[in-house]
Amino acid sequence: MNTTQRHQLLQRAVALAEQAFEAGDEPFGSVLADAQGVVLREARNRINSVDATQHPEFELARWAAQHLDAETRRTATVFTSGEHCPMCAAAHAWAGLGPIVYASSSKQLAAWHKEWGLESPPVAPLTIDQVAPKVSVSGPDEALARAVYKLHCRYRGVASSMSD
Ligand SMILES: [Zn+2]
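Keep in mind that this is a model prediction, so the values were computed, not measured.

**Student:** Would you mind showing me how to read the sheet that holds strand β5 (residues 137-138) here?
**Tutor:** Within a sheet, adjacent strands bond to each other through the backbone by hydrogen bonds, running parallel or antiparallel. The mixed open sheet is built from five strands, whose spatial order is β2-β1-β3-β4-β5. Of all strands in the sheet, those with a lone pairing partner are β2 (39-44) and β5, marking the two edges. Here four bridges tie strand β3 (residues 77-82) to strand β4 (residues 100-104), and the two strands are oriented parallel to one another. Paired with Val78 across the bridge in β4 is Ile100.

**Student:** Looking at this structure, I do not really get the pairing of β3. What am I missing?
**Tutor:** Consecutive side chains of a regular strand alternate in pointing toward one face of the sheet and then the other. In terms of burial, β3 is a largely internal element, six of the six residues being buried. Two strands pair when backbone bridges link them, and strand β1 (residues 29-33) and β3 are joined in this way by four bridges, in the antiparallel orientation. Directly across from Ser30, in β3, lies its bridge partner Thr80.

**Student:** Could you clarify how one ought to interpret helix α7 (residues 142-156) in this entry?
**Tutor:** Turn by turn, an α-helix covers 3.6 residues, leaving residues three or four places apart pointing in a common direction. Along its 15 residues, α7 runs 21 Å from first to last C-alpha, staying within 8% of the 21 Å computed at 1.5 Å per residue. Among the residues of α7, those classed as buried are Leu144, Ala145, Val148, Tyr149, Leu151 and His152. All buried residues of α7 lie within an arc of 165° about the axis, which places them on one face of the element. Residues Glu142 and Ala143 are exposed on α7 and point more than 90 degrees away from its buried face. Considering only its buried residues, α7 is in contact with α1 (3-22), β3, β4 and α5 (106-115).

**Student:** Which parts of the structure should I look at to understand the packing of α1 against α7?
**Tutor:** The axes of two packed helices give the description: the angle between them and the distance between them. At a minimum axis separation of 10 Å, α1 and α7 run at an interaxial angle of 5°. One element, α1, and the other, α7, form an angle in the roughly parallel class. Residues Leu10, Gln11, Val14, Ala17, Glu18 and Phe21 of α1 form the contact with α7, whose participating residues are Leu144, Ala147, Val148, Leu151, Arg154 and Tyr155. The residue inventory of the contact of α1 with α7, partitioned by class, reads nine nonpolar, one polar and two charged.

**Student:** It is not clear to me how the pairing of β1 should be interpreted in this structure. Could you clarify?
**Tutor:** Within β1, five of the five residues are buried, which leaves the element mostly enclosed by the surrounding structure. Where burial is concerned, the two faces of β1 agree: the one with Gly29, Val31 and Ala33 and the one with Ser30 and Leu32 are both buried. With antiparallel pairing between neighbouring strands as the criterion, β1 and β2 make up a hairpin whose turn holds five residues, including Gly37 at a positive phi of roughly 90°.

**Student:** Would you take a moment to explain unusual backbone geometry for this structure?
**Tutor:** A negative phi angle characterises most non-glycine residues, just as the trans form characterises most peptide bonds. Cis rather than trans, the peptide bond between Gly139 and Pro140 has omega equal to -5°. Summarising the element assignment, Pro140 is placed in the loop between β5 and α7.

**Student:** In this structure, what is going on with the packing of helix α2 (residues 56-67) against helix α4 (residues 86-94)? I would like to understand it.
**Tutor:** The interhelical angle for the contact between α2 and α4, taken along N-to-C directions, is 15°, at an axis separation of 8 Å. With respect to each other, α2 and α4 are oriented roughly parallel. Classified by chirality, the crossing of α4 by α2 is left-handed. Residues Glu57, Phe58, Ala61 and Arg62 of α2 form the contact with α4, whose participating residues are Met87, Cys88, Ala91 and His92.

Rules and cut-offs
- Position numbers for residues start from 1 in each chain and track the written sequence from start to end.
- Two thresholds apply to this predicted model, a pLDDT of at least 70 for residue-level local features and 80 or more for giving and counting side-chain atom pairs, whereas whole-chain, interface and lining totals are computed over all residues.
- By definition, two strands form a pair when at least two bridges between them are found by DSSP.
- Helix numbering and strand numbering both begin at the N terminus, where a helix is a DSSP run of H or I of at least 4 residues and a strand a DSSP run of E of at least 2.
- Neighbour counting defines burial: a residue surrounded by 20 or more other C-beta atoms within 10 Å of its own C-beta is buried, one with 12 or fewer is exposed, and intermediate counts give partly exposed, using backbone-placed C-beta atoms.
- Given a helix with a known number of residues, its expected span is that number minus one, times 1.5 Å.
- Here, the arc refers to the directions that run from the helix axis to the C-beta atoms.
- Contacts here follow a simple rule: the backbone-placed C-beta atoms of the two residues must lie within 7 Å.
- Each axis is a line fitted through C-alpha atoms, taken for helices only over the stretch in contact, and angles between the N-to-C directions span 0 to 180 degrees.
- In this scheme, roughly parallel covers angles under 35 degrees and roughly antiparallel covers those over 145, while 65 to 115 is roughly perpendicular and the rest are oblique.
- Nonpolar residues are Ala, Val, Leu, Ile, Met, Phe, Trp, Tyr, Cys and Pro. Charged residues are Asp, Glu, Lys and Arg, and all others, Gly as well, are polar.
- Crossing handedness is read from the near helix: turned anticlockwise from the far helix by less than a right angle, it gives a left-handed crossing, and turned clockwise, a right-handed one.

Set out below in structure tokens:
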């Protein structure tokens, strides 16, 4: 998988986050790709349309555990609009999946929520590294993190404080 493919897959994850937002769910999206960069599965957040545990990263981990052999899982990468929460990081590691590439970090999301005066979430905002230290992680991508920030502003109904 080359750099261009990786960037396109991360962009696709952000596009899925936009689809989630347009469907009334929280703007998060994720793509599971094999070692060659071929998309195996896509998912988007469905916390409002299904239930509160329907995070895309969790869905991909469960799907991979059920449908892929151990070697395919180990060499697969998850591209995601936002860094995995502890639930999803744990599922990713238990499923034996490979690297994670995220557009925006949990730290950024927590800062945005603080900026908007939202209550702290029911789950501690641990990093992937704190939950699943053996998983190789890269992110954030500053340009795509801005796009994610704007989607979260729209979801929360607040004005963006970042210029275009
Ligand atoms: Zn999650």
